[in-house]
Amino acid sequence: MSKAASPHTLVWLRDDLRLADNPALYAAVQTALAQGGKILAVYILDENLGNAARWWLHHSLSRLADDLAARRGALVLKRGDPAVIIPALAHAAGAGAVHAARSFTPGLRAADRAVDAALKPLNIAFHRHLSVSLFAPERIVTKAGGPYGVYTPFSKACFEAGVSTEHLPAPEHIPGLTGMTGEALDDWHLLPTNPDWAGGLRASWTPGEAGAEAALARFLAGPVQDYDEARNLPGKPGTSRLSPHVRFGEISPRAVFQRASACGQSKGVQVFLKELLWREFSINLLWQHPDLRRVPIRPEFNKFPWAEAPDALRAWQRGQTGVPIVDAGMRELWRTGWMHNRVRMICASFLVKHLLIPWQAGEAWFWDTLCEADEAANAASWQWVAGCGADAAPYFRIFNPVLQGQKFDGDGTYVREFVPEIAKLPDKYLHCPWEADEKILTNAGVRLGRTYPHPIIPLSEGRNNALKAYERMKLGR
Ligand SMILES: Cc1cc2nc3c(=O)[nH]c(=O)nc-3n(C[C@H](O)[C@H](O)[C@H](O)COP(=O)(O)OP(=O)(O)OC[C@H]3O[C@@H](n4cnc5c(N)ncnc54)[C@H](O)[C@@H]3O)c2cc1C
């Protein structure tokens, strides 16, 4: 089949569910228009998503389908093996080329190889575009040509390389190929029904490209300037809350980077840009370590003496550890599908250090409950907290959740919102109710062990256990 005989183009959308600054979609539209052809836009269900991400995906796809329809386009939904579906659709549509965003997850990398191999005999070209990340991982390398294992030099190399200043407008017309049918979004049952646990997610988020734009505009209109300080305070809206939008590609990372860069030179802006590069670093790590979700980067941690503690894991998941800042974070996650970054670090540290529960169990819970659960950022962050990752916090540096709570939630706004049963405690005891005497507890309506749990483990005991376990690992016992 020659290109002249194949004027149509297939765009395979995956973690780039947007119209603006979407290189794959843009290239597909340009090619089709130049050849007088039409566009077949396809999404294939990612079956590995957790439940909160499935909720997000449903709404994101629904908005994307509306946005495409408003431009005369259409979205075809499919389930199954991309190496079968993409070539079959491209062939049936008479497409001369397939365009997609380049992905760095092991699953999509393997799928891309298989799709490429299946398209070749059909003489259909497969083009992948830089879209999900700011840089291709092989572009940011050390002087010796190897990958970076440490964040700071990596981020410096990114700043030196410079983020592309290109911005591709949303195509005005996306002439959809008619006659190609797919599956119905509702038939995928991505939304919870019985029980419907998504009320808090609905109240917290507006998935889709317009929601992403609104979140970015809100953040850049003010909070970005104080981001360096405010990002640590979970009781204040000091961060962008862009993560699920970026995760599903409802806004391009380079658009976020470019528009934040244009907000001046304040420390807030600079720190925000560096935070975006943590995402980039995680992508780079996943690219280097495809088994990042399961295998510690530092191999000595394979011998870490983790505990089997299903009851403690359950208490942690449910926000019933008796440690207020941990419980607030875990309940925020359950209610809204998101948790503040500072509190993520505290909750994760408590799980892997005080409770000695393997980081993979925490990663799995976040995978299921975070709207923005991401193979790269989630696994890299868990490994970082557990001390076994690239450039990780040393294991023996153990967060004290009481001091962390008092420092970053000093007025208790955050804990009071998510742990209302202790809200009436004075600030002094809010992060450590077990230190309050009976009179103070009674006045606040708190009965430890009845209305709110005793700490699941005394903090000093948890800390000592963690240090002992670390020593045992080092001694190889
Ligand atoms: C245990 C743990 C698990 C995490 N799991 C995820 C995850 O599954 N998906 C995810 O996107 N982030 C994850 N993070 C990183 C970080 O917590 C979130 O990206 C951030 O809290 C999202 O909120 P925001 O959009 O307001 O971030 P902002 O502070 O406004 O940052 C802007 C953007 O930069 C990126 N970013 C910021 N910090 C990081 C970071 N440390 N690592 C990677 N990217 C970052 C995100 O895309 C974020 O939206 C995790 C962190 C921890 C400690």
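Counting restarts for each chain: residues are numbered from 1 in the order of the written sequence. Reporting in this predicted model follows two pLDDT cut-offs: at least 70 for local features of residues, and 80 or more for side-chain atom pairs to be given and counted; totals over whole chains, interfaces and linings ignore these cut-offs and use all residues. In computing side-chain values, all of the structure's heavy atoms are included and hydrogens and water are not.

Glancing now at the domain arrangement of the protein chain. The split of the chain into domains comes from an automatic or database domain assignment. With domains assigned, the protein chain is organised as domain 1 (3-131), domain 2 (133-165 + 209-288) and domain 3 (299-475). With centres defined by C-alpha atoms, the gap from domain 1 to domain 2 works out at 26 Å. Of the roughly 1800 Å² buried where domain 1 meets domain 2, counting both sides, 51% is carbon and sulfur surface. Any carboxyl oxygen of Asp or Glu within 4 Å of a side-chain nitrogen of Lys or Arg constitutes a salt bridge here. Arg-254 serves as the salt-bridge partner of Asp-21, at 2.7 Å between the closest nitrogen and oxygen. Put simply, buried area is how much 1.4 Å-probe accessible surface two parts lose in total, over both of them, once they are put together.

So, on to the pattern of salt bridges. Overall, the coordinates contain 18 salt bridges when judged by the stated rule. Of the charged contacts in the structure, one is a salt bridge between Arg-128 and Asp-112, with a shortest N-O distance of 3.6 Å. Taken together, the positions of Arg-128 in strand E5 (residues 125-129) and Asp-112 in helix H4 (residues 106-119) put the pair 16 residues apart, joining distant regions of the chain. For Arg-416, the salt bridge is made with Asp-427, and the minimal N-O distance between the two is 2.9 Å. Within this pair, whereas Arg-416 is found in helix H18 (residues 413-418), its partner Asp-427 is found in helix H19 (residues 427-430), the two being separated by 11 residues in sequence. Overlapping salt bridges, with partners in common, bring together Arg-14, Asp-112 and Arg-128 in one network. Secondary structure elements are defined from DSSP: runs of H or I of at least 4 residues count as helices, runs of E of at least 2 residues count as strands, and each element is numbered from the N terminus.

A word on the side chain of Ser-155. Mapped onto the fold, Ser-155 is located in helix H5 (residues 151-161). When a residue's accessible area, from a 1.4 Å probe over protein chains only, is under 20% of the maximum for its type it is buried; when over 50% it is exposed; and in between it is partly exposed. Overall, the relative accessible area of 5% leaves Ser-155 in the buried class. Distance and chemistry together define a polar contact, namely a pair of N or O atoms within 3.5 Å, with one atom able to donate a hydrogen and the other to accept it when in protein, and with adjacent residues in sequence counting only for side-chain atoms on both sides. Within the structure, the side chain of Ser-155 is placed 2.8 Å from the backbone oxygen of Thr-152, a separation counted as a polar contact.

Near the ligand lie 26 residues; those nearest to it are Tyr-227, Thr-239, Ser-240, Arg-241 and Asn-341. Within the side chain of Thr-239, an N or O atom sits 2.6 Å from an oxygen atom of the ligand. Contacts to the ligand include Glu-372, whose backbone N or O atom sits 3.2 Å from a nitrogen atom. Each accessible area is a Shrake-Rupley estimate made with a 1.4 Å probe; only the visible protein chains count as cover when residues are assessed. Contact with the protein chains covers 95% of the free accessible surface of the ligand, which is 810 Å². Think of it this way: one heavy atom of a residue within 4 Å of a molecule or strand is enough to make that residue near it.

Time to look at unusual backbone geometry. In this chain, Asn-194 is followed by Pro-195 through a cis amide linkage whose omega measures 5 degrees. When you line up the elements, Pro-195 lands in the loop between H5 and helix H6 (199-204). Even without glycine at this site, His-189 takes up a positive phi of about 50 degrees.

Turning next to the nonpolar core. What tends to happen in soluble globular proteins is that the nonpolar side chains get buried as a cluster. Definition of nonpolar core: a set of buried residues of the types Ala, Val, Leu, Ile, Met, Phe, Trp, Tyr and Cys, connected through side-chain atoms within 4.5 Å. Within the largest apolar cluster, 56 residues are counted, with the highest numbers of intra-cluster contacts made by Trp-316, Val-326, Met-330 and Phe-366. When contributions to this core are tallied by element, the ones reaching two or more residues are helix H12 (310-318), helix H13 (324-336), helix H14 (341-354), helix H15 (359-369), helix H16 (375-386), H18, H19 and helix H21 (459-475). The leading source of residues in this core is H14, at seven residues. In this description, contact between two residues means that some pair of their heavy atoms is separated by no more than 4.5 Å. Other than its neighbours up to four places away in sequence, Val-326 contacts Trp-316, Thr-321, Ile-346, Cys-347, Phe-350 and Pro-401. In terms of nonpolar packing, the next biggest core, distinct from the first, is built from 39 residues, Ala-212, Val-269, Leu-277 and Leu-285 among them.

With that out of the way, let us pick up the sheet that holds E5. The strand order across the open sheet formed by five strands is E3-E2-E1-E4-E5, and the pairing between neighbours is parallel. Each of the sheet's edge strands pairs with one partner strand only, and the pair in question is strand E3 (75-78) and E5. Within this sheet the neighbouring strands show an average axis-to-axis angle of 25 degrees, counted without direction. Here strand E4 (residues 95-101) runs beside E5; their pairing, made up of five bridges, is parallel. Directly across from Ala-100, in E5, lies its bridge partner Arg-128. Here, strands pair whenever DSSP counts at least two bridges between them. In this description, a line fitted to the C-alpha atoms serves as the axis of each element, helices being fitted only across the stretch in contact, and the angle between N-to-C directions of two axes falls anywhere from 0 to 180 degrees.

Most of strand E2 (residues 39-44) sits out of view: six of its six residues are buried. The side-chain alternation of E2 yields two buried faces, one formed by Ile-39, Ala-41 and Tyr-43 and the other by Leu-40, Val-42 and Ile-44. Note on handedness: a crossover is taken as right-handed if, strands pointing away from the viewer, the path from the first strand over the helix to the second is clockwise. Viewed along the sheet, the connection from strand E1 (residues 8-13) through helix H1 (residues 23-34) into E2 turns out right-handed. Read as a crossover between parallel neighbours, the route from E2 over helix H2 (residues 51-69) to E3 is right-handed.

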